[in-house]
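# Summary of the model geometry
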Amino acid sequence: MSYKFDWTVLWSGQSGGWLLDGLSTTVEISFLAWWLAVLLGIGAGALRTAPVAPLRWAATFYVEFFRNVPLLVWMFFWYFAAPPLLPDGMREWLFDHGAEFWAGLCALGVYHGARFSEVMRAGIQAIPKTQFEAALSTGLTVTQTYRLVILPIALRLIIPPATNESLNLLKNSSVALTIGVAELTFQTRQIETYTAKAFEALAAGTVIYLLLCLTIAALMARVERRCAIPGMIVRGGVEGF
Amino acid sequence: MKRLVIFLAAAILMFGNAAAARCETTLEKISRSATLTIGTRTGSPPFAYVNRNNEWVGFSIDLVEKAILPVLAKKLGKEIKVEKKESTPQTRIPLLTSNAVDLIAETMTDTQSRRDSVDFSLTFFATGAQFLVKKGSPIKGIQTIAGKRIAAQQGSTNARIIRERAPSAKLLEFPDQPAAFQALAQGQVQAYTNDGIQLAGLKAKAPKPEEWAVVGEFFSYEPYGMALRKGDSDFRQVVNVGLMDAIESGKYFEIYDKWFGPKGELPYPLTPETKRFLQMQVVPK
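Since this is a predicted model, take the numbers as computed values, not measurements. Throughout this description, residue numbers start from 1 for each chain and increase along the sequence as written. Written order determines the labels here, with chains lettered from A and ligands numbered from 1. For a predicted model such as this one, the threshold for reporting local features is a pLDDT of at least 70, and the threshold for listing and counting side-chain atom pairs is 80 or more; totals across whole chains, interfaces and linings nevertheless cover every residue.

## Concerning the overall build of chain A
Helix and strand counts for chain A stand at 11 helices and zero strands. The order of helices and strands in chain A, counted from the N terminus, is α-α-α-α-α-α-α-α-α-α-α. Taken along its principal axes, the extent of the C-alpha atoms in chain A is 70 × 55 × 30 Å. Buried positions account for 38% of the 241 residues belonging to chain A. The contacts of chain A with a sequence gap of at least 6 include a subset with a gap of at least 24, amounting to 77%. Secondary structure follows DSSP: runs of H or I at least 4 residues long count as helices, runs of E at least 2 residues long count as strands, and numbering of each begins at the N terminus. The burial label depends on the number of other C-beta atoms within 10 Å of a residue's C-beta. Counts of 20 or more mean buried, 12 or fewer mean exposed, and intermediate counts mean partly exposed, with C-beta atoms placed from the backbone. The contact criterion used here is simple: two residues whose C-beta atoms, placed from the backbone, lie within 7 Å are in contact.

## Some thoughts on the sheet that holds strand β12 (residues 212-215) of chain B
All names here are of chain B. Pairs of strands are assigned from DSSP output, requiring at least two bridges between the strands. On the basis of which strands lie adjacent, the open sheet formed by five strands has the order β10-β9-β11-β8-β12 and mixed pairing. In the strand order of this sheet, the two ends are held by β10 (170-174) and β12, each with one partner. Put simply, the sheet's adjacent strands are angled 30° from each other on average, direction ignored. Relative to strand β11 (residues 191-195), strand β8 (residues 129-134) is paired through four bridges, and the arrangement is antiparallel. Bridging across to β11, Leu-132 finds its partner in Tyr-192. Every axis corresponds to a line fitted to the C-alpha atoms, with the helix fit spanning only the stretch in contact, and the corresponding angles, defined between N-to-C directions, vary from 0 to 180 degrees.

## So, the packing of helix α1 (residues 15-48) of chain A against helix α2 (residues 53-67) of chain A
All names here are of chain A. At their nearest, the axes of α1 and α2 sit 8 Å apart, and the two run at 130° to each other. One element, α1, and the other, α2, form an angle in the oblique class. Classified by chirality, the crossing of α2 by α1 is left-handed. Between α1 and α2, the contacting residues are Ala-44, Leu-47 and Arg-48 on the first element and Leu-55, Arg-56, Ala-58, Ala-59, Thr-60, Tyr-62 and Val-63 on the second. Residue polarity is assigned by list, with Asp, Glu, Lys and Arg as charged and Ala, Val, Leu, Ile, Met, Phe, Trp, Tyr, Cys and Pro as nonpolar; anything else, Gly included, falls into the polar class. Grouping the amino acids of the contact of α1 with α2 by side-chain chemistry returns seven nonpolar, one polar and two charged. Each angle is binned into one of four classes, with values under 35 degrees roughly parallel, values over 145 roughly antiparallel, values of 65 to 115 roughly perpendicular, and all other values oblique. Here a crossing is taken to be left-handed if its near helix is turned anticlockwise relative to the far helix by less than a right angle, and right-handed if that turn runs clockwise.

## What to know about the interface of chain A and chain B
Residue-level contacts link 21 residues of chain A with 25 residues of chain B. Those elements giving two or more residues to the side of chain A that touches chain B turn out to be α5 (99-125), α9 (184-195) and α10 (198-227) of chain A. Considering every element that reaches the side of chain A that touches chain B, the biggest residue donor is α9 of chain A, with five residues. For the side of chain A that touches chain B, a count of residues per class yields 12 nonpolar, five polar and four charged.

## Observations concerning α10 of chain A
With 30 residues, α10 of chain A extends 43 Å from end C-alpha to end C-alpha; this agrees with the ideal 44 Å at 1.5 Å per step. For α10 of chain A, every residue scored as buried is listed here: Ala-198, Ala-201, Ala-204, Gly-205 and Tyr-209 of chain A. Residues of α10 of chain A that are buried in the fold lie against α1, α8 (159-172) and α9 of chain A together with α4 (92-97) of chain B. Working rule for helices: expected span equals 1.5 Å times residues minus one.

## Quick word on the nonpolar core
In this structure, Leu-103, Ile-150, Ala-151 and Leu-243 of chain B are the most contacted members of the largest nonpolar core, which totals 86 residues. With eight residues, helix α8 (residues 233-249) of chain B is the single largest residue contributor to this core. Domain boundaries shown here were taken from an automatic or database domain assignment. Each of two domains, domain 1 (23-127 + 223-280) and domain 2 (129-215) of chain B, supplies a minimum of three residues to this core. Nonpolar cores are identified as sets of buried Ala, Val, Leu, Ile, Met, Phe, Trp, Tyr and Cys residues joined via C-beta atoms within 7 Å. Among the nonpolar cores identified, the runner-up in size contains 46 residues, and Val-63, Tyr-146, Ile-158 and Val-175 of chain A belong to it.

## As for the environment of Ala-191 of chain B
Residues and elements named next belong to chain B. As for its position among the elements, Ala-191 is in strand β11. A count of 25 C-beta atoms within 10 Å places Ala-191 in the buried class. Residues Ala-191 and Val-214, spaced 23 residues apart in sequence, show a C-alpha to C-alpha distance of 9.7 Å. For Ala-191, the residues in contact, after removing those within four places along its chain, are Phe-131, Leu-132, Val-133, Ser-137, Ile-139, Ile-145, Lys-148 and Ile-150.

## Quick look at the environment of Leu-69 of chain B
Residue and element names in this part refer to chain B. Tracing the sequence through the fold places Leu-69 in helix α3 (residues 59-76). Counting along the chain gives 16 residues from Leu-69 to Lys-85, while the straight-line C-alpha distance between them is 17 Å. Once you skip the residues sitting within four places of it in the chain, Leu-69 turns out to touch Leu-36, Val-64, Ile-80 and Val-82.

## A closer look at the domain arrangement of chain B
Residue and element names in this part refer to chain B. When the domains of chain B are assigned, the result is domain 1 (23-127 + 223-280) and domain 2 (129-215). A straight line from the C-alpha centre of domain 1 to that of domain 2 covers 26 Å. With 12 residues of domain 1 in contact, the opposing surface of domain 2 contributes 16 residues.

See the structure below:
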């Protein structure tokens, strides 16, 4: 291969600044979308196990509709198809204030919310039915049972799969470059444009994603340890991290 | 243990083979496989695109098939077929350096920084950046885009110039032409900048061409070349001879007419200066 590696392109010129910009956009969009996804996920996940049929149907519709269409299509939907539904003034304002970022945020958050809700449902259904009945028999209402007993336990149970989902969300944020969000992958391409050094730019992106994901995994492992209810969840696998 | 030894032996053998393949020159590779693999575009009419009949065609592709291929077949003494793979501004250099394709024939601008990574053929087309806007737009060129939302194709030389010469413009970069055009059609951006010839192609292919206008003086110089792996001068010579022969014999101008002539896909007459420039690249035999 006649390709000559030149790693200096990563810190000479503007490349370093671009990578930092990209990193901050990636973290920003992922962080906000994560909250949206978690809130939607908890809501829809809980509703899918609710004892009221129409609520279950609504939640099932949300999950199946949003998780079964590719994320890329959702990106285009929120960026191209949703804005014309807004009033003119609002639309212009949005276009002047980073519409692509907010569209990307909605696409990521709503899509991953549907996936989070399945994780949530699995967590709730892992709790024995008797626990639910016991809570009701103490005089709690259904809503209180969910809020005070079921969800706190389920949220602890789902930390490992939720970590998985969170890492996926972070990595999927790169799809937002198709609608022009200048996140990390976008910036690695930018470096390629200016320097024609594709391998170096991609390698830098890879290392940054890897470090980001390892950080999140470590954080979640810590959360899992600190929130564990003694005697309830087997912690064998976590100790070693 | 025995299985491990077999596995290792197989791995070493494969690795050895890969190393051998790397040492092969491009001409040897083409001769061995009887195939010239080119990287080209699917959405850049009329240089390289998929037409209404679902055929992958274009000016750049024709130059490869009608000008370069005959010279290549003669040099190697056998029939060579062309295989096309899609390349984009982000993937074309890696595709080339990783041996996945042998030649990039699309709309790639020859630049000094790109020449650090790949080699280029002669310039086979020259254009410059302009803007595509809705008819009647206040944008008339690069002097009038301050504060405006401008779309560009990511990885293009135009985006870079806008960033340097009009830093107050809000630049939005899209990975491909259809997304950028959609953003323009819907008002996410007020203008889309790309090479003039490509904008003219996009306008001609739009559902209502009369609603769009290509405006502004060229604010960049974009000489298109075909990219090849660095340091493979034998193959580069074949490509260049193919292009030079075609310009000298008039074949180039026939192909040009087919795509850009009055009855072509996109009428875009060759200026006398450009014609002279092309002819002056031809060195004597």
